[in-house]
Amino acid sequence: MAATATARTSAAARRATAKRRAPAAPARGRASQGQITGFVPVAAAAGAVGGLADSRIFVWLSRGRLWIGLLGALLVGIVGLNVMALSFSASSSDAGQAADALRRQNSAFRAQIAGQLSNSEIQAVAAELGLIMPGPGSFTYVESTPGDAARAAERLRNGEIVVGTGSLGVAETVPVEGAVAPVVPVDPAATTTPAAETETAAPPTETTTPSAETAAPPVETAAPPVETAAPPATAGSGAGSVAAP
Amino acid sequence: MNLIDRRVGLLFAIFVAFLGLVLVRAVWVQGVTGGTLSAEAEGQQMEMVEVPGSRGTIFDRTGRELAVSEDAATVFATPYQVKDPEETAHKLAKVLGLDSEEVLASLADRESGFTYIDRKANLADAEQIRQLDLPGIGMLPDSRRIYPQGELAGQVIGTVGIENQGLTGLEASEDELLHGTDGEREVTRDALGEELERNTIAASAAGSDLKLTLDASLQAETERVLEDIGDTYTPDGATAIVMDPRTSEVLAMANWPGLDPSDPADADPESLTNMATGFTYEPGSTFKAFTVAGALEQGLVTPSTTFDLPPTIRVADRVIEESHARGYVSLSVADILAQSSNVGAVKIGLELGGEDFDKWIREFGFGRPTGVPFPGEEQGIVLTPDEYSGSTMGNLPIGQGLSVTPMQMAAAYAAIANGGVLRVPQLVLERDGQPVTPDPGDRVISRRDSGDIREMLEGVLAPGGTASEVSVPGYTLAGKTGTAQKVDPETGTYSETEFVASFVGFAPAQDPQLLVTIVVDNPEGDYYGGTVAAPAFGEIARFALPYLRVPPQ
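Residues numbered from 1 in each chain as written. Chains lettered and ligands numbered in written order. Predicted model: local features only at pLDDT ≥ 70, side-chain atom pairs only at ≥ 80, totals over all residues.

## Regarding the overall build of chain A
Across its full length, chain A carries 7 helices and 0 strands. Tracing chain A from N to C terminus, the helices and strands come up as α-α-α-α-α-α-α. In chain A, which comprises 245 residues, the share counted as buried stands at 16%. Of all intrachain contacts in chain A linking residues separated by at least 6 positions in sequence, the fraction that spans at least 24 positions is 71%. (Helix = DSSP H or I, 4+ residues; strand = E, 2+ residues; numbered from the N terminus. Buried ≥ 20, exposed ≤ 12 C-beta atoms within 10 Å, placed from the backbone. Contact = placed C-beta atoms within 7 Å.)

Structure representation (structure tokens):
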């Protein structure tokens, strides 16, 4: 009780002092005007802080128990924030590790795929499928005539030509009419740029294209049963069909 | 003061003293030993990890991968942290396929803080080691080179070193492009070694890709043909170049014996050399085409110009004879090429004269590197006219007394085949996705004369020619055989037992789209270009012409 009374007395004394100080501040301000004007804002700020320290709310807060809870909450918040930051770092690290692992797996898979697509592997698989390397005499080149496109369109309409069976095991003869293409000699030096030379030297006609090599019966071709345009290793390049022996 | 106040005062003093001690300790720890402790903590918790930038991929012209990079791991040890070296060495050796004694030896230095156990271990093995959780054993990210096509074009692609730097071949010459940029990462670990945080200090970057003019299928077939030559004639070495003479793009460049680029350490040092650019030899009769080309361009002869040829011809102190003895004959220039007459070629060379002969062979690119983008290209040896002796013009027109590389021969014959334009052979199609500008070339002979030479060279594979047994159904072939004696290093004279057999051919003869150069060094059993090298040309052409979709005539 004695302590409470002392505290009350002290509070009353502080309030009295505050009351006494309040009118004094502007007087000091006025007194200093024209003498040391730079101190005026500082003095005003100090007065305001002093006023705040003596304010009822501040006194109530500092004497109450709420601030304990408030400080506790702040501390918990700070710790929580740190924990969260650490947790995010760890998650980020985990994600980075997972990304690294995936990248490593991708690189391993890529190397694996490249190995499986190697020339020797493809040739081995082709040999297992019974595919053979066609000799130079196995090819028949025929020249298209102006009516070929119309006839092919007609056959497509009639369902005589089926496009894109996608089967490696089936290969049909090429049902395209025409005679063996006369090769037009092209002098590579006739043009100055290599690109132009390359273009001019392309085979003029070649009917072993995938679109033409399907189910239609052979018409007027002297082609042997095996009629291919590419070795097994190039089956994926669209160079032509590969026939079973 | 009552008793309670004294006790309170005492407690207060104790607290003050304790706080003072804490303050002193804090000042000591943070102010005096702070730097050292901080460094120690960083050393225990943080590490800088180098992240290797993988090398770019090398593709063939069709997009097939010839060389790729794969992530790997470097396994290392901190010997003083290894608890049971013998057990650890045994486990590591088992997983990595190493000798456990060697692993144990590397762990022996207990004072050491770092030693490599295995570099570029594959990731599956690395994962097994990680699961073993061996104290003192760690792993670092690494990258290793994989060659999916095996030995295919081994000498051309080249090899890389342990630090992923190019050592030979295109891996070396294109290292600047292919080599990635290594990155750096700061990793923070907890007391159990688990990763807590990672900061990328510098990001790693993969190298750029390279696309070659080589075609993997053609390369494989060419290597197969060379292997047959190797099995049949057991030469010292053999090489073949397949080229598109219209653009001088190299479609295949093969060597025998081959090279496994993934294991250069075990390779014979000589097998690292790409013979196509690094081997010099006296070309012999294949060179006669250039003697004739010079004389044609000078207007001294035509294909039908006839020469009366004695069995031998003397030039200064040297007597030149035919490879097969004969009597007096009259042969046209075309016949001289078809039958590969030494006497006839020397006569044409003598009509041309030393100065002009020198001019023409240099026009065709002999005596200097072709410029093909491949490291270590030889330039051959071509004498200057002021170095000629009295008998030099008895040697040079038949391809003796000078040395060339197979690539020079291929480039020069490409000029004959394509209508007279000499181009730098092209080996790289794209760098980092950007097409390489092809060499426009320089005209060295007229289109008409190149056509005449092509026609004359058809005779070499026609009945009566030196390679008449070679044919490809549906196609006309042209070419020239060469059988050159090697110089015996002991006597300094031409050897009677060691030869270089060669053949340069192209097809179709009048519209060449394929050119093949075969050089076989010191074959055993047979040594004529017409029987050793020319059949190989036939085999390659038989595959390549349909493959390249060249229509038959």
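Following the structure, the description resumes.
## Some thoughts on the sheet that holds strand β19 (residues 478-487) of chain B
Residues and elements named next belong to chain B. Spatial strand order, β10-β9-β21-β20-β19: 5 strands in an open sheet with antiparallel pairing. In this open sheet, the two edge strands, each paired with only one partner strand, are β10 (249-256) and β19. Across the sheet, the mean angle separating the axes of adjacent strands is 10° when strand polarity is ignored. (Pairing = 2+ DSSP bridges. Axes fitted to C-alpha atoms, helices over the stretch in contact; angles between N-to-C directions.)

## Here we look at the domain arrangement of chain B
All names here are of chain B. In terms of domains, chain B is made up of domain 1 (48-212) and domain 2 (216-547). Between domain 1 and domain 2, the C-alpha centre-to-centre distance is 45 Å. At the junction of the two partners, domain 1 supplies 29 residues and domain 2 supplies 25 residues. Of all elements in the fold, only α6 (154-157), α7 (169-173) and β8 (210-212) reach the threshold of two or more residues within the side of domain 1 that touches domain 2. Residues that form the side of domain 1 that touches domain 2 fall into these classes: 12 nonpolar, 10 polar and 7 charged. (Domains from an automatic or database assignment. Nonpolar A, V, L, I, M, F, W, Y, C, P; charged D, E, K, R; others polar.)

## Describing the confidence of the model for chain B
Summary statistics for chain B give a mean pLDDT of 92 and a share of 100% for residues scoring 70 or more. As a predicted assembly, this complex carries a pTM of 0.74 together with an ipTM value of 0.71. (pLDDT = per-residue confidence, 0-100.)

## A look at helix α11 (residues 288-297) of chain B
Structurally, the α-helix is built with 3.6 residues per turn, so residues lying three or four positions apart point the same way. Residues and elements named next belong to chain B. The element α11 is largely enclosed, with a buried count of 10 among its 10 residues. Of the residues making up α11, those classed as buried are Lys288, Ala289, Phe290, Thr291, Val292, Ala293, Gly294, Ala295, Leu296 and Glu297. Next to the buried residues of α11 lie α12 (333-339), α13 (342-352), α14 (354-363), α16 (406-417), α17 (447-458) and β19. Two residues or fewer past α11, Gly299 is found with a positive phi of approximately 75°.

## Things to note about unusual backbone geometry
Residue and element names in this part refer to chain B. Cis geometry marks the peptide bond from Trp256 to Pro257, where omega comes out at 0°. Within the secondary structure layout, Pro257 lies in the loop between β10 and α10 (275-278). Cis geometry is adopted by the peptide bond preceding Pro508, which originates at Ala507 and carries an omega value of -20°. Of note in the backbone geometry, Thr234 takes a positive phi value of approximately 35° without being a glycine. Note that Thr234 resides in the loop between α9 (216-233) and β9 (237-244).

## Points about the sheet that holds strand β7 (residues 195-202) of chain B
Residue and element names in this part refer to chain B. The 3 strands lie next to each other as β1-β6-β7, forming an open sheet whose pairing is antiparallel. Among the strands making up the open sheet, the edge pair consists of β1 (46-51) and β7. Ignoring strand direction, the axes of neighbouring strands in this sheet form an average angle of 25°. In the sheet, strand β6 (residues 183-189) pairs with β7 via 6 bridges, with the strands oriented antiparallel. Looking across to β7, one finds that Glu186 is bridged to Asn199.

## A word on helix α18 (residues 529-547) of chain B
Residue and element names in this part refer to chain B. Under the 1.5 Å per step criterion, the end-to-end length of α18 is 25 Å for 19 residues, consistent within 8% with the ideal 27 Å. The largest bend along α18 reaches roughly 25° and is located at Ala541. Of all the 19 residues making up α18, 18 are buried; the element is thus mostly covered by neighbouring parts of the structure. Just past α18, the residue Arg549 takes up positive phi, approximately 60°. (Expected span 1.5 Å × (residues − 1). Bend = angle between axes of the 7 residues up to and from the residue.)

## Quick notes on the packing of α11(B) against α14(B)
Residue and element names in this part refer to chain B. Two numbers describe how α11 lies on α14: the axes approach to 9 Å, and their chain directions differ by 110°. If you check the angle between α11 and α14, you find them roughly perpendicular. Read as a crossing pair, α11 and α14 show a hand that is right-handed. Along its contact with α11, which presents Phe290, Ala293, Gly294 and Glu297, the element α14 presents Asp356, Phe357, Trp360 and Ile361. Grouping the constituent residues of the contact of α11 with α14 by class yields 5 nonpolar, 1 polar and 2 charged. (Parallel < 35°, antiparallel > 145°, perpendicular 65-115°, else oblique. Left-handed = near helix turned anticlockwise from the far one by under 90°.)

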